[in-house]
Amino acid sequence: KKSHNRSAQRTWHATRGEQPSVLKPTLPTEEDAAFQYQFTAGYLRAKGFEHYEVSSYALRTGSGCSPWRSRHNQVYWGYDTSWYAVGVGATSFVRDRTLARPKRARV
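The rules behind these values
One numbering rule holds for all chains: residues counted from 1, following each sequence as written. The predicted origin of the model limits local features to residues at a pLDDT of at least 70 and limits the giving and counting of side-chain atom pairs to 80 or more, whereas totals for whole chains, interfaces and linings rest on all residues. Processing note: side-chain calculations cover all non-hydrogen atoms of the structure and skip hydrogens and water entirely. Under the scheme used here, helices are H or I runs from DSSP no shorter than 4 residues and strands are E runs no shorter than 2 residues, and both carry numbers assigned from the N terminus. In this scheme, a residue with accessible area under 20% of its type's maximum is buried, one over 50% is exposed, and one in between is partly exposed, where area comes from a 1.4 Å probe on protein chains only. A helix is expected to reach a length of 1.5 Å times the quantity of its residues less one. What the arc covers is the set of directions going from the helix axis to the C-beta atoms.

1. Details of the overall build of the protein chain
When helices and strands are tallied, the protein chain shows 3 helices and 4 strands. Going from the N terminus to the C terminus, the protein chain shows its helices and strands as α-α-β-β-α-β-β. Relative to its full complement of 107 residues, the protein chain shows a buried share of 14%.

Have a look at this one:
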């Protein structure tokens with residue numbers, strides 16, 4: 001039977017102070033990562049968490065949006081908002097116009 005949580009098992013052993021026979025940290029396979037993402041999303045929803053943005057969850061305390069959402073990115077999702085971004089590949093949205101920076105720096 002193929003294990004979907006090899007990296008989780010290594011982490012569990014390490015946090016309990018146990019030493020597996022060989023500790024070689026590796027990235028999970030695409031299949032393992034997909035399983036972990038789906039499992040985590042289902043678990044958090046079952047515990048009453050709201051999924052917002054790509055990988056953010058906040059505990060829902062009633063109907064509507066959770067008051068526990070992080071506020072630092074909320075401006076991007078609001079209506080009638082503007083934001084400025086700097087740096088290679090950054091995208092700004094000002095006065096109903098999207099302004100994109102080059103994806104590569106000119107050298």
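2. What to know about helix H2 (residues 30-46)
End to end, H2 covers 24 Å across 17 residues, agreeing with the expected 24 Å (1.5 Å per residue, within 8%). Within the span of H2, buried status applies to Asp32, Ala41 and Leu44. The buried residues of H2 occupy an angular sector of 160° when the element is viewed end-on, so they sit on one face. Exposed residues pointing more than 90 degrees away from the buried face of H2 are listed as Gln38, Phe39, Arg45 and Ala46.

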